[in-house]
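Next come the chains, spelled out residue by residue.
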Amino acid sequence: MTRVLKVDPLFPDKKALKEAVELLQNGEVIIFPTETVYGIGADAYNEKACKKIFKLKGRPADNPLIVHIHSFEQLEEIAEGYEPYLDFLKKFWPGPLTVIFQKKSEKIPPVVTAGLSTVAVRMPAHPVALKLIELFENPIAAPSANLSGRPSATNVKHVIEDFMGKVKLIIDAGDTPFGLESTIVDLTKERPVLLRPGPVEVERLKELFPELVVPDFVRKGDFKGRPLAPGMKYRHYAPLKPLILVEDLTKMEEVLKKYPDHVVICVEERKELYNDRVVVGSLKNLYSIAQNIFSALREAEKKGKEYIIVEGFEERGILFAVMNRLRKAATEIVR
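A. Structural context of empty space enclosed by the protein. Under the counting rule described, the total for this entry stands at 2 cavities of 30 Å³ or more. The volume enclosed by the largest cavity comes to roughly 270 Å³. Contributing to the lining of the largest cavity are 27 residues, with Val 37, Pro 143, Ser 144, Glu 181 and Arg 196 lying nearest its centre. Elements represented by at least two residues in the lining of the largest cavity include exactly β3 (38-43) and β4 (66-68). Considered class by class, the residues forming the lining of the largest cavity number 8 nonpolar, 13 polar and 6 charged.

B. Seen up close, a nonpolar patch on the surface. Among the surface-exposed residues, Val 4, Ile 160 and Met 164 lie close enough to one another that they form a single nonpolar patch of about 210 Å² accessible area. Residue placement: Val 4 occurs in strand β1 (residues 3-6).

C. Quick peek at the pairing of strand β12 (residues 243-246). Neither face of β12 is exposed, since Leu 243 and Leu 245 on one face and Ile 244 and Val 246 on the opposite face are all buried. As judged from the 3 bridges shared by β12 and strand β16 (residues 332-334), these two strands associate in the parallel manner. Across the sheet, the residue bridging to Val 246 is Val 334, located in β16.

D. Structural view of the packing of aromatic side chains. For the structure shown, the criterion picks out 9 aromatic pairs. Each ring, one from Tyr 82 and one from Phe 101, has its centre 6.3 Å from the other, and the planes form 70°; the classification is edge-to-face. Remark: Phe 101 occurs in strand β6 (residues 97-103) and Tyr 82 occurs in the loop between β5 (79-80) and α4 (86-92); sequence separation between them is 19 residues. Like Phe 101, Tyr 82 is buried. Residues Tyr 259 and Tyr 307 carry aromatic rings whose centres are separated by 4.5 Å and whose planes lie at 50° to one another, so their mutual orientation is tilted. Of this pair, Tyr 259 sits in the loop between α10 (252-258) and β13 (262-266) while Tyr 307 sits in strand β15 (residues 307-311); the two residues are 48 residues apart in sequence, bridging distant segments of the chain. An aromatic cluster is defined as three or more aromatic residues linked by ring pairs; in this entry it consists of Tyr 82, Tyr 85, Phe 88, Phe 92, Phe 101 and Phe 209. Just above the ring of Phe 72 sits the side chain of Lys 90; from NZ or CZ to the centre is 5.9 Å.

What counts, and at which threshold
Residues numbered from 1 in each chain as written. Predicted model: local features only at pLDDT ≥ 70, side-chain atom pairs only at ≥ 80, totals over all residues. Heavy atoms only, no water. 1 Å grid on protein atoms, 1.4 Å probe; cavity = no way out; pocket = protein on both sides within 12 Å on 5 of 7 lines; lining within 4 Å. Points joined across faces, edges and corners; volume = space filled by probe spheres on them. Helix = DSSP H or I, 4+ residues; strand = E, 2+ residues; numbered from the N terminus. Nonpolar A, V, L, I, M, F, W, Y, C, P; charged D, E, K, R; others polar. Patch = residues over 30% accessible without salt bridge, like charges linked within 9 Å, V, L, I, M, F, W, Y side chains within 5 Å. Areas by Shrake-Rupley, 256 points an atom, 1.4 Å probe, with all protein chains shown as cover. Salt bridge = Lys/Arg side-chain N within 4 Å of Asp/Glu carboxyl O. Buried < 20%, exposed > 50% of the residue type's maximum accessible area, 1.4 Å probe, protein only. Pairing = 2+ DSSP bridges. Phe/Tyr/Trp six-rings, centres within 6.5 Å; stacked < 30°, edge-to-face > 60°. Lys NZ or Arg CZ within 6 Å of the ring centre and 35° of its normal.

The following block contains the structure:
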C-alpha cells in the first residue's frame, strides 16, 4: 500500500514529516517534492536503500544520483574542493543548482556516484525538502520521481501514475514551482562545465563564470561515454508516443501532413493554428513553458493520437533548458 501524505508546501508540519523520516531511517524509499521536480529518495549513506531507487525506476547503474543536503555542514561531510566556490554557492543555495565536487566521505556508497570519485550535490529550496533532510539528519540521494526515460513528475498525479503501490509514502505538496530539473555544473575541472541546463540560466552562470564551458552535447543531447551527472547519456523525458520536435517552424505544415494522426504541443500565442493541441504556456512568461512542459508531454500522450508534434523554441533563458529536455525526449528532430 502507498500512503499519500498531504503537507503544506510552505509551512510543513514536523509531525507530518515524522513518518517519512522513520521510513528513511528504516532503509525505505519515499517520494517528496522539491522546487524543481518530485524526487524519489533514500538515505544517501545506505547502499541497500539507494539500490532500491535504481530498481524502482529501472535506472541504469552508471547514471549517478544527486545527493540533497540541508546545510553547508553537510556539504563539508561529503565533498571536498568546494571552499573556493563558497560565495558562488551561497548565491544559489538553497536553490535549483546541482554542483559536481570531488567526493570526500566514504559514507557515500559507490552506487550513489556510479563508482565515480565525484559527487553531485544540491541544497533544495523547497521548504518540504529542506525540512525533511534537516529532520532526517543524513543527506538524501534522489533522482526525479519518474520511471526511467519517462517525463519527470511535477505533481502528485504524475508520481501516482508511475509509482502507486511501489513505494510506501508519497509526500504531496502540490505542483513543483520550476517544473524542470536543476542546473548541473561541474566544478572539478580547470574551467566550470555545464552538464545540464536548468532553472539557473546559462546567462546568469556566465556572469559569474565568464569562462563557463557549454559542451556541444548539452545542446545536441548526444553525449557519449560515462556520465558524470544525471540527464547526460540516456534518452530521457520521453512520452509513450513518438515525439517529433520541429525546430524550424517554417517546416511545420510539412510535418503535420507527414504525420496526420497527431497532437501538437504549442504556446498560447499559436494555439489557433492547430485543431488538436496541448497548450504548454505563453511566450510572455517563459517560465510557464518550463513549468508545464512535462505535464504537456504526459497530457499529449493520453490524447489517443499516434504522434506528438512539439514546436521548438529559441534557446534563450530558461528555454535553453526546455530545448535540452525536448531533444533528449525526441524520436525525430526537424531542423
